[in-house]
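Architecture at a glance
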Amino acid sequence: MELEKIKKKYKKKIKEILTYNENYYDKNDPLISDKKYDILKKEIFELEKKYDFLTDENSPSKIVGFRPSKNFRKIKHKVPMLSLSNAFDENDLINFEKRISNFLDKSNNFKIEYSAEPKIDGISASLIYRGGKFETGLSRGDGKEGEDITENLKTIKDIPEKILGTNFPQEIDIRGEVFIQNSDFKKISDKFANPRNAASGSLRQKNPNETKKIPLKFIAYTFGHEKNMKIKTQGEYLKNLSKWGFKINPLNKIIVGVKNLLENYKNIEQKRDSLDFDIDGIVYKVNNFDLQKRLGNVANAPRWAIAHKFSANSGISQILNIEIQIGRTGALTPVAKIKPINIGGVLVSNATLHNEEEIIRKDIRIGDSVVVERAGDVIPHVVSVNIDKRKSDLKKFTFPTKCPSCGSDTIKEFNLITKKEDAVRRCSSEGYECEKISIEKIKHFVSKDAFNIEGFGKKIVENFRNLNLIKLPQDIFTLDYDKIEKMDGWGSQSVSNLKYSIELRKNISLERFIYALGIRHIGLENAKLISKHLKNKKKFLELSKVDNLDELLNIDGIGETQIKSIKNFFNNSTNLKVLNNLQKILSIKDAVEFKKNGLLKDKTFMLTGKLEGISRAEAKSLIEQNSGSIISNISKKLDYLIVGKKPTKRKVNTAKELQIKILSQVDWFKMLNKRS
Ligand code: IVH
């Protein structure tokens, strides 16, 4: 009872401070004096210190710096604000360049010019100029929708209100980074955890006068939508930015070749400490805008750019234990529990050991002294063992041959692509039968890119599963809300919120549905491809008939590995039950087509032979972007057969027999008003 009283007292104080915060930050109308506010904050801290079971996400101990406002107007970005994929070493860069050459159908010695730009670790912002006037400024938000922080951005001196230059586009969304210089941060470092936090916190104040107090800087580096911009390369764009009155990074460079990228990377890494702003890597962008356009995006990152991250901070610690985590696809990942150490401002107590092979190769043992590395937002990992420090009684680590969760045998599969045994050991049970895997599968099912059920976090999944409230995905839609309402930590409001977010997601796109099933090797991108190809749920469910699987081979990007995995998925009776149940409960929407009225509207195409200067993947995506569709069998339904070099004769002959129009690459480009 006593404990209940303490909890109540604590929650009451949190509620109080929440009201004061809202009035202060969002409504700009403080209810109490600063002094009284500080006393309340101190009381909360003291309670938390005394009783470690007291915690609340709204506690001032969880909020660093000023609490940002919730009250900004949301505005959709006309062009989404993407993120970047990461590269860590030379190999990643070589692969990046290879992927580009392949996509563009160029040989490996095709010279690609890059714009290499130090990656400032701040907060990105989008500035919309119309007629040379800064009109609206948005935060990145979730990439699709940002917050209107115009007034706050207007307080930043580096952001020009009017552009005087001659060739400034009629309308343009200029994008760049808002940050705080290290020397300025020092003056306010008692209020914020780090410079990035300071920039983000002050940018999102309700009252622009609060933002103005912090000396924020802005560096421009890209754009979203634009009207009438006649610039052809990133290098030229950066030069123009400078002419128009924006600051650009003085260390930007145009570079050709991976070797030269690496040299520049090393030079800048050496300078890193002497710079007055934090950088966490270098961004490489294909310099030519036409090539960028052709390359397009994969998922939510451009194919034409990559962030080459600086090497990690590292530290030395001791392995206290090795635990085996089981992932959604059954992979057993060994994780080292280490004596907590501070690496680059973050307290690290777990470090991944990747897989069994890694442990054997590095001969990592419990008790060893090890070097642990941490790079940016990547999971810390064990780099090496200090063998000199090893005590003689440490035993070799033996990897479990049985799954620690369900007891099934663990296996190493043969990889069809590398033609080698996998480095990863997996639980051989087929998914939902293993408790740990099933929990991970459900976490994936409700996650952001899948069903995106708000408020259904990882902890809730674990909790509900432990209480047997959910075992399979469909159970989410038939939850016993009365029971949940009576559980600790729940009340009528939180239950009705949960119910609402679950109901909302009963309507789902086919691609999200496919992705949510968590079929191995079917990530977001592949789920999109399959959904686009099959178009509706009926065709997807029919994949359970083995004969239908071959159809998927016609999709570029889907290969044997994926097909095998889909086959395994449909061979499992629990999966079939899950599918059957879900399709009854849900309304799964048909795939939406690209442009509705493009130049190739209602026309079907098939490709045979090699095209020049364009890969098959790009050719297909070009057809689809212009509202045409690809079909994989010649029949009367086919309108055009595009014939490249060395075509399959049989296809050409059949097309002729069926009087299907045959197009050369030039003819096809003409249809698209495109020159080769
Ligand atoms: S280009 C699609 N250029 O990095 C291209 N981004 O992980 C994405 N960033 O959110 C933006 N310096 O905040 C670009 N020279 C630079 C950059 C840069 C820093 C940040 C930006 C973005 C993040 C992507």
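Above: the structure in question.
As a convention, each chain's residues are numbered from 1 in the sequence order in which they are written. Residue-level local features of this predicted model are given only where pLDDT is at least 70; pairs of side-chain atoms are given and counted only at 80 or more, and the full residue set underlies all totals for whole chains, interfaces and linings. As a rule here, side-chain values come from all non-hydrogen atoms in the structure, and water together with hydrogens is ignored.

**What to know about the overall build of the protein chain**
Helix and strand content of the protein chain: 24 helices and 26 strands. What you see for the protein chain is a C-alpha radius of gyration of 28 Å, in line with the 26 Å of a compact globule of 676 residues. Each principal axis of the C-alpha distribution contributes one length, and for the protein chain these read about 85 × 70 × 60 Å. Here the protein chain holds 676 residues, and the buried ones make up 45% of them. For the protein chain, restricting intrachain contacts to residue pairs at least 6 apart in sequence, the fraction spanning at least 24 positions comes to 67%. Charge-centre separation for the protein chain: the mean point of 124 positive side chains lies 3 Å from the mean point of 89 negative side chains. Here a strand is any run of E in DSSP of at least two residues, a helix any run of H or I of at least four, and the numbering for each starts at the N terminus. What the globule rule says is 2.2 Å times the number of residues to the power 0.38, and the radius of gyration is computed from C-alpha atoms. Partly exposed residues are those whose accessible area sits between 20% and 50% of the maximum for their type, while under 20% is buried and over 50% is exposed, using a 1.4 Å probe and protein chains only. Contacts are assigned to residue pairs with any non-hydrogen atoms lying within 4.5 Å of each other. All tallies of charge rest on Lys and Arg as positive and Asp and Glu as negative; His and the ends of each chain are not included. Where a charge lies is defined by one atom per residue type: Lys uses NZ, Arg uses CZ, Asp uses CG and Glu uses CD.

**Some thoughts on the sheet that holds strand β8 (residues 216-227)**
Two modes of strand pairing occur in sheets, parallel and antiparallel, and in both the strands are linked by backbone hydrogen bonds. Two strands pair if DSSP finds at least two bridges between them. Taken together, four strands build an open sheet; the order of strands is β5-β4-β7-β8 and the sheet is antiparallel. In this open sheet, the two strands that pair with only one neighbour each are β5 (133-139) and β8. Strand after strand, the sheet turns through a mean of 30° between neighbouring axes, direction not considered. Summarising the sheet, strand β7 (residues 171-180) and β8 pair through nine bridges and their orientation is antiparallel. Axis angles are defined between N-to-C directions and span 0 to 180 degrees, where every axis is a line fitted to C-alpha atoms and, for a helix, only to the segment in contact.

**Describing the pairing of strand β19 (residues 410-415)**
Bridge analysis of β19 against strand β20 (residues 420-427) gives five bridges, and the strand direction is antiparallel. Residue pairing in the sheet places Thr 410 in a bridge with Cys 427 of β20. Here β19 folds back onto β20, and the loop between the two strands holds four residues, one of which, Lys 419, carries a positive phi near 55°.

**Comments concerning the packing of helix α3 (residues 90-103) against helix α9 (residues 258-271)**
α9 packs onto α3 with a crossing angle of 140° between their chain directions and a minimal axis gap of 10 Å. Here α3 is positioned oblique relative to α9, judged by the angle of their axes. Relative to α9, the crossing made by α3 is right-handed. Seen from α3, the contacting residues are Glu 90, Leu 93, Ile 94 and Glu 97; seen from α9, they are Val 258, Leu 261 and Leu 262. Any residue that is not Ala, Val, Leu, Ile, Met, Phe, Trp, Tyr, Cys, Pro, Asp, Glu, Lys or Arg is counted as polar, Gly included; the first ten are nonpolar and the last four charged. The residue makeup of the contact of α3 with α9, split by class, is five nonpolar, no polar and two charged. Between 65 and 115 degrees an angle is taken as roughly perpendicular, under 35 as roughly parallel, over 145 as roughly antiparallel, and anywhere else as oblique. Handedness of each helix crossing follows the sense of rotation of the near helix against the far helix: counterclockwise by less than a right angle gives left-handed, clockwise gives right-handed.

**Thoughts on the environment of Ile 282**
Assignment of secondary structure puts Ile 282 in strand β10 (residues 279-286). In sequence terms Ile 282 and Ile 120 are 162 residues apart; their C-alpha atoms lie 8.5 Å from each other. Once residues within four sequence positions are removed from consideration, Ile 282 is found in contact with Ala 116, Glu 117, Pro 118, Lys 119, Asn 264, Tyr 265, Ile 268, Ile 306, Ala 307, His 308 and Phe 310.

**Points about the packing of aromatic side chains**
Between two aromatic rings, the relevant description is the distance of the centres plus the angle of the planes. Only Phe, Tyr and Trp rings take part, Trp by its six-membered ring, and two of them pair if their centres are within 6.5 Å. Stacked means planes under 30 degrees apart, edge-to-face means over 60, and tilted covers everything else. Summed over the entire model, instances satisfying the criterion amount to 22 aromatic pairs. Ring geometry for Tyr 237 against Trp 244: centres 6.3 Å apart, planes inclined by 75°, an arrangement best described as edge-to-face. An identical accessibility class is assigned to Tyr 237 and Trp 244; each is buried. Consider the rings of Phe 445 and Phe 451, whose centres lie 4.2 Å apart with planes at 15°: the pair is stacked. Looking at Phe 445, the relative accessible area reads 1%, which means it is buried. Residue classification places Phe 451 among the buried residues on the basis of a relative accessible area of 1%.

**Let's talk about the site of the ligand**
Put simply, a residue is near a molecule or strand once any heavy atom of it comes within 4 Å of that molecule or strand. The environment of the ligand is made up of Leu 82, Leu 84, Glu 117, Lys 119, Ile 120, Ser 124, Glu 177, Tyr 221, Val 283, Lys 285 and Pro 302. Contacts described as polar in this section are N or O atom pairs within 3.5 Å, which, within protein, must combine one atom able to donate a hydrogen with one able to accept it, while residues neighboring in sequence count only if both atoms come from side chains. With respect to the ligand, the side chain of Glu 177 contributes an N or O atom lying 2.7 Å from an oxygen atom. To be clear on the numbers: accessible area is Shrake-Rupley with a 1.4 Å probe, and residue cover counts the displayed protein chains and nothing else. Burial of the ligand by the surrounding chains reaches 87%, relative to a free accessible area of 510 Å². For the shell around the ligand, the secondary structure elements donating two or more residues are β3 (113-120) and β10. Within the shell around the ligand, the residues separate by chemical class into six nonpolar, one polar and four charged.

**Some thoughts on the side chain of Asn 249**
One can find Asn 249 in the loop between α8 (234-243) and β9 (253-256). A distance of 3.0 Å separates a polar side-chain atom of Asn 249 from the backbone nitrogen of Leu 251. Setting aside residues up to four positions removed in sequence, Asn 249 forms contacts with Pro 118, Ile 120, Ile 219 and Phe 277.

**Considerations on helix α13 (residues 458-466)**
Every buried residue belonging to α13 is among Ile 460, Val 461, Phe 464 and Arg 465, and all of these are buried. Take α13 and look down its axis: the buried residues cluster within an arc of 130°, on one side only. Seen from the buried face of α13, the exposed residues on the opposite side, beyond 90 degrees, are Lys 458, Lys 459 and Asn 466. In this fold, the buried residues of α13 make contact with α12 (435-446), α14 (481-485) and α15 (492-504). Looking one or two residues past α13, Asn 468 carries a phi angle of roughly 65°, positive in sign. What the arc measures is the spread of directions leading from the helix axis to the C-beta atoms.

**Here we look at the sheet that holds strand β23 (residues 604-608)**
Pairing is parallel across the open sheet formed by four strands, whose spatial order is β24-β23-β25-β26. What marks the edges here is a single partner per strand, and that holds for β24 (629-630) and β26 (661-664).

All quantities given are derived from atomic positions and should not be read as evidence of function.
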